[in-house]
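Given next are the chains, with one letter for each unit.
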Amino acid sequence: ELLESIKQDFLASNTNTLDLEQFVRTTLRSLEAAPSATTAAAEDGIVEASSSSTSVAARRVEDDTSTASRCAAVVDLFRQVDVHSEGIITWDEVSNHLIEQGMAGTDQLTTVDSVKSYEPSPVVDVSNHENV
């Protein structure tokens, strides 16, 4: 759901691209809409909804810190995807980056070979392959 929501924002733009500000806004909005593990646990009765030992002010500071951390992480992701420093990225670039990260099993790109682009092949195989 999270990635689908972000993809829809890319597709909704006239150019199918997002700049840094647009990407940060759509990603943070999608992250905020996604249910968190704590929320799910609270709904299941595993975690109490509020703790008397945690003040409202402390929770606000914690929320602000986590929001700032998420924002910084999204900006960093944008910069990793925008390898040519064009200031805009496409959904294909984002999804290719995420695929590469998953295949590499790491959070960071470590080699030039990690940066690849997956696109549909323009070559169409029309042979039957019956005598192979």
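As a starting point, this report considers the structure included with it. Every chain's residues receive numbers from 1 upward, in the order its sequence appears when written. For this predicted model, a pLDDT threshold of at least 70 governs which residues receive local features, and a threshold of 80 or more governs which side-chain atom pairs are given and counted, while totals over whole chains, interfaces and linings are taken from all residues. As a rule here, side-chain values come from all non-hydrogen atoms in the structure, and water together with hydrogens is ignored.

## A short note on helix 5 (residues 91-104)
Moving on, step 1. Strands are runs of DSSP state E lasting at least 2 residues, helices are runs of H or I lasting at least 4, and numbering of each runs from the N terminus. Expected helix span is taken as 1.5 Å per residue step, with the number of steps being one fewer than the number of residues. Here helix 5 spans 20 Å end to end across 14 residues, near enough to the 20 Å set by a 1.5 Å rise per residue.
Moving on, step 2. Among the residues of helix 5, W91, V94, S95, N96, H97, E100 and Q101 are the ones counted as buried.
Moving on, step 3. Within two residues after helix 5, G105 carries a phi angle of roughly 70 degrees, on the positive side. Each residue's exposure class comes from its accessible area (1.4 Å probe, protein chains only) as a fraction of the maximum for that residue type: buried when under 20%, exposed when over 50%, partly exposed otherwise.

## A few points about a nonpolar patch on the surface
Moving on, step 1. Among the surface-exposed residues, L2, L3, L31 and L98 lie close enough to one another that they form a single nonpolar patch of about 280 Å² accessible area.
Moving on, step 2. Locating L98 in the fold gives a position in helix 5.
Moving on, step 3. Taking the relative accessible area as the measure of exposure, L98 reaches 34% and is therefore partly exposed. Patches were defined on residues exceeding 30% relative accessible area and lacking a salt bridge, with like-charge contacts within 9 Å and nonpolar side-chain contacts (Val, Leu, Ile, Met, Phe, Trp, Tyr) within 5 Å. The accessible surface values rely on the Shrake-Rupley method and a 1.4 Å probe; as for residues, cover is taken only from the protein chains in view. We define a salt bridge as a contact between a side-chain nitrogen of Lys or Arg and a carboxyl oxygen of Asp or Glu at a distance within 4 Å.

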